[in-house]
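Now for the letters of each chain:
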Amino acid sequence: MPDLELVHSFDGPMPTGVTVSRTGRVFVNYPLWGDDVPATVTELRDGEAVAYPDERWNTPSGQDDAGAFVSVQSVVVDPADRLWVLDTGSPEFRPTQPGGPKLVRVDLATDTVAQVITFAPDVALPSTYLNDVRFDLRRGDAGYAFITDSSDSGPNGVIVVDLATGHAWRRLHDHPSTKALGWQDFRPLVEGRPLVQAPEPDAEAQPVAMGADGIAISADGSRLYYCPLASRRLWSVSVDALVDRDLDDDAVAATVVDEGDKGTGSDGLETDDAGRLYLTAYEQDAVLRRLPDGSFETLAHDPRLLWPDTMSVADGWLYVTANQLHRQATYQRGEDLREKPYALFRVPIDAGPVRLVR
C-alpha cells in the first residue's frame, strides 16, 4: 500500500469535507457541532486555514440566513471547476429553518458567490441533514446535483436539484436502502469498542442512527451510489430515474440495486475516472477501493486514519480527512476523547476525478 502523506494538521475545530480544484487549491469545511468554529468554510493557503470566500460569508445573522453559511457539512469542486458549498442550516443538528439549508456556487476565478439555491420546506424538512453532494453537468440545461439526507431523527433520502432552475425534489424518501440499520443488523466497532450514542454517563446506549450519508456517481454517470452511515451495505440507483419527473416514487425505487456487503461502516464515498469506487472504512482505520469487477482492495490502512470521513479525487491523488468523529462526547458518555490535531491526508492513485461535463 502507498504511504499516507500528511497535507495539513488542524488544531482548531474538527473538519469533515475536503475538495481540490484542478489547479490544486484545497478547501475544507467544519460544521458547527459544538466546537468554536471561526469559519465553516476555509481554503488552505500557505499552511493556514483562511475563511472562504471571505469572512462575511462565514458570519451568518441567524440560522435562516440565505446570504451566509450557517453550518457547512460538505464542499465539492464540480466537473467545471466550480466550488459548491452544501450548507446544512442545522448547527448542532437543530431543526432547519427556510433559508438555512442551501447549495451555494462559488466562482473560483473571482472568489465570489455566483449562485445560491435554497430548498423549500418540503425538500429540506425540519429534520433534514444535508450531508454530501455529487454532480452531472451533462444533463438538462445546466446539470443536476444529488444530495444525501442523513438525518438521524427523520426521513432519509436523496435530493435532486436542477441547477438551471434551482428546483429540487426528494427521491427514495424514507426508502429502506437509505435507512440506518439497528443493532440486530449492525453493531460497529471503532478502536475495538462498540460505537453507540450515549451523551451522558448514565444514558442508555442507543444505536447510531444516521442514514444515507456517503454518495458517489459512476464514471459514466449512469448510477448513483450511496450508503447509510450505520450500515455495511452499498446501494445504487439509476440517475436517469432520479431526474425523470414523470416517474413516480415506486418506479424510481424499482431501479435500486443492492450492491452487497462492503465489509465496513463507511462515512464517505468517491469514484475515479477509471471506474473504481472508494469507501472510507471507519471500523478499520482504512480506505477501501471497489474495482469494476466488484472485488475490493485496501488502498490505505493506518492508525492515524481515526474516522476517515470525506474524500476528494484530484489528478493522481486521493485526499481524505480524519477527524476522530467517534471520540466526540456524544459517543463517549459525555466525555470528549478527541486529541488534536485532526488531519488531512492524501495517497497517490493512478486516476483522476469523474468529470461529467459537456
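What counts, and where the lines are drawn
- For every chain, the first residue of the written sequence is number 1, and numbering continues from 1 onward in sequence order.
- Whole-chain, interface and lining totals are the exception, using all residues; otherwise, since this is a predicted model, local features are given only for residues with pLDDT of at least 70 and side-chain atom pairs are given and counted only at 80 or more.
- As a rule here, side-chain values come from all non-hydrogen atoms in the structure, and water together with hydrogens is ignored.
- To qualify as a helix, a DSSP run of H or I must reach at least 4 residues; to qualify as a strand, a run of E must reach at least 2; elements of each kind are numbered from the N terminus.
- Our radius of gyration is a C-alpha quantity, and the globule rule it is checked against amounts to 2.2 Å times the number of residues to the power 0.38.
- Per-residue accessibility, obtained with a 1.4 Å probe over protein chains only, is compared with the maximum for each type, and a residue is labelled buried under 20%, exposed over 50%, and partly exposed between these values.
- For this analysis, residues touch if any pair of their heavy atoms sits within 4.5 Å.
- Using a 1.4 Å probe, accessible areas were evaluated by the Shrake-Rupley method; residue-level cover was limited to the displayed protein chains.
- The convention is simple: Lys and Arg are positive, Asp and Glu are negative, and His and the chain ends are not counted.
- Charge positions are represented by NZ for Lys, CZ for Arg, CG for Asp and CD for Glu.
- Strands were regarded as paired on the criterion that DSSP finds at least two bridges between them.
- Axes, fitted as lines to C-alpha atoms, cover a helix only where it is in contact. Angles between the N-to-C directions of the axes lie from 0 to 180 degrees.
- Throughout this description, the term salt bridge denotes a Lys or Arg side-chain nitrogen within 4 Å of a carboxyl oxygen of Asp or Glu.

Undergrad: Tell me about the overall build of the protein, and please be specific about residues and values.
TA: Secondary structure assignment for the protein yields two helices and 28 strands. Whereas a compact globule of 358 residues would reach a radius of gyration of roughly 21 Å, the protein reaches 18 Å, a difference of no more than 12%. Taken over the C-alpha atoms alone, the protein extends approximately 50 × 45 × 40 Å along its principal axes. Taken across its 358 residues, the protein has 60% of its residues classed as buried. Of all intrachain contacts in the protein linking residues separated by at least 6 positions in sequence, the fraction that spans at least 24 positions is 54%. Carbon together with sulfur atoms contributes 47% to the accessible area of the protein, which is approximately 13,800 Å² in total. Considering the protein, the positive charge centre built from 32 side chains and the negative charge centre built from 57 side chains are found 2 Å apart.

Undergrad: Lay out the sheet that holds strand 11 (residues 144-149) in plain terms, naming residues and giving numbers.
TA: Across the sheet, which stays open at both edges, the four strands sit in the order 10-11-12-13 with antiparallel pairing between neighbours. On the outer flanks of this sheet lie strand 10 (130-136) and strand 13 (168-171), each paired with one strand and no other. In this sheet, neighbouring strand axes are inclined to one another by 25 degrees on average, regardless of whether the strands run parallel or antiparallel.

Undergrad: Lay out the pairing of strand 9 (residues 112-118) with the relevant residues and their values.
TA: Where strand 8 (residues 102-107) meets strand 9, six bridges bridge the pair, whose relative direction is antiparallel. Each residue of the ladder has a partner; that of aspartate 107, found in strand 9, is threonine 112.

Undergrad: Describe the pattern of salt bridges, and please don't skip the residues or the numbers.
TA: Opposite charge on two side chains allows them to pair when their charged atoms are near. Considering all chains together, one arrives at 25 salt bridges under this definition. Where aspartate 249 meets arginine 171, a salt bridge forms, and the shortest distance between an N and an O atom there is 3.4 Å. Taken together, the positions of aspartate 249 in helix 2 (residues 249-253) and arginine 171 in strand 13 put the pair 78 residues apart, joining distant regions of the chain. Its relative accessible area of 46% is what places aspartate 249 among the partly exposed residues. Residue class for arginine 171 comes out buried when judged on its relative accessible area of 4%. Across the pair arginine 355 and aspartate 315 runs a salt bridge whose closest N-O atoms are separated by 3.6 Å. Of the two residues, arginine 355 sits in the segment after strand 28 (342-348) while aspartate 315 sits in the loop between strand 26 (308-314) and strand 27 (317-322), which places them 40 residues apart along the sequence.

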